[in-house]
Amino acid sequence: MTQTTVITIANQKGGTGKTTTAYNLACALSYENRKVLLVDFDPQGNLSMCFGIENPDQLKFSMFNIMNALMSDEPLPAPEEYIHNHGNIDLIPSNIELSVAEINLRDEMGGEKTLTTLLESMKQRYDYIIIDTNPSLGLLTINALAASDSVLIPVNPQLWSATGLTQLLKIIIKVKKRINPRITIEGILMTMCDPRTNLYKETYKLVQDYYGEIIRIFTSQIPLSVKVGEANFYSQSLMTYLPKSKVTAAYQNLAKELMQHEYAQATNHS
């Protein structure tokens, strides 16, 4: 694959498994020999902690410093100052200071393109760039959407909200019209699924009825498992923490599904 694909993981509801999906999808893609950049674009810094950064708030350079430098036209720190890496995966970490950058973006002319500016210069080094967003539809999420080729939407049956997804889709359509015409919806990913429950069955049916004809719903579904929380706690991917688990297999299948879809699209366009 020659082209870099930039994917934002977004849902303004918390607790849908955005960070877990960002991290484990990146790991699954890296197992397929893809070079991945993870962008922690959430001031909570959970992705940075999953990656093994114990105190994101003590970082000398984080996403906040980079966004600030870009907004004030100052030179960026050297990439090795702010890019952390594990094997085939790099990470730009984040911490609570990023919420200050979000406030500063309001007064910035063309502020919604700040992240785009950063990622454009880095694309040649990666096959995939995956952006983890905060649970809101504010300026950080809009920045992420402006920089992305597609959006992956995790949906947790236990927190199902048709209205919530509708708001997110409206924002994506607005971004497509006004800022980033190339953005598409990668698909809806069902997370924390327990197929034995009525809640799951009803939610899945609702998602299919509401969105099945207009949005791809991934065949891969992420099972509900306490192991996910354990792996996150130990700052390990599911691939290293529990290589044989169902959850690990689900993320590996998701990575394959994603790559097949990209390949099919590339073939159609050529």
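Quick summary incoming for the structure in this document. (Residues numbered from 1 in each chain as written. Predicted model: local features only at pLDDT ≥ 70, side-chain atom pairs only at ≥ 80, totals over all residues. Heavy atoms only, no water.)

Focus: helix 5 (residues 98-105)
Rules: Each residue is assigned to one of three classes by its accessible area relative to the maximum for its type, calculated with a 1.4 Å probe on protein chains only: buried under 20%, partly exposed between the two thresholds, exposed over 50%. Helix numbering and strand numbering both begin at the N terminus, where a helix is a DSSP run of H or I of at least 4 residues and a strand a DSSP run of E of at least 2. For this quantity, the arc is that covered by the directions from the helix axis to the C-beta atoms. Residues count as neighbours in contact if any of their non-hydrogen atoms are within 4.5 Å of one another.
Of all the positions in helix 5, only L98, A101, E102 and L105 are classed as buried. Take helix 5 and look down its axis: the buried residues cluster within an arc of 105 degrees, on one side only. For helix 5, the secondary structure elements touched by its buried residues are strand 2 (36-41), helix 3 (63-71), helix 6 (114-120) and helix 7 (139-146).

Looking at the pairing of strand 1 (residues 5-9)
Applicable threshold: Here the rule is simple: two strands pair whenever DSSP picks up at least two bridges between them.
The buried fraction of strand 1 is high, at five of five residues. Going residue by residue along strand 1, you find T5, I7 and I9 tucked away on one face and V6 and T8 tucked away on the opposite face as well. As defined by bridge partners, strand 1 adjoins strand 5 (residues 128-133) across five bridges and the pair is classed as parallel. Within strand 5, the position partnered with I7 by the bridge is I130.

As for the side chain of N156
Worth spelling out the cut-off: Throughout this description, a polar contact denotes any pair of N or O atoms lying within 3.5 Å of each other; where both atoms belong to protein, one of them has to be capable of donating a hydrogen while the other can accept it, and for residues adjacent in sequence the pair is counted only when both atoms sit in side chains.
The residue N156 is located in the loop between strand 6 (150-155) and helix 8 (162-178) in this model. One polar contact links the side chain of N156 to the main-chain carbonyl oxygen of G15, over a distance of 2.9 Å. Look past the residues within four positions of N156 in its chain and what remains in contact with it is G15, T16, T191 and M192.

A word on the packing of helix 5 against helix 7
Put simply, the rule reads: Angles run from 0 to 180 degrees between N-to-C directions of axes, and those axes are lines fitted to C-alpha atoms, restricted for helices to the stretch in contact. Every angle not falling under 35 degrees, over 145, or within 65 to 115 is termed oblique; those three ranges are roughly parallel, roughly antiparallel and roughly perpendicular. When residues are sorted by character, Ala, Val, Leu, Ile, Met, Phe, Trp, Tyr, Cys and Pro go into the nonpolar class, Asp, Glu, Lys and Arg into the charged class, and all the rest, Gly among them, into the polar class.
Taken N-terminus to C-terminus, the directions of helix 5 and helix 7 make an angle of 80 degrees; their axes are 9 Å apart at the nearest point. As summarised for this structure, helix 5 and helix 7 are arranged roughly perpendicular, according to the angle between their axes. On the side of helix 5, the interface is formed by L98, E102 and L105, while helix 7 contributes L139, L140 and N143. Looking at the contact of helix 5 with helix 7, its residues break down into four nonpolar, one polar and one charged.

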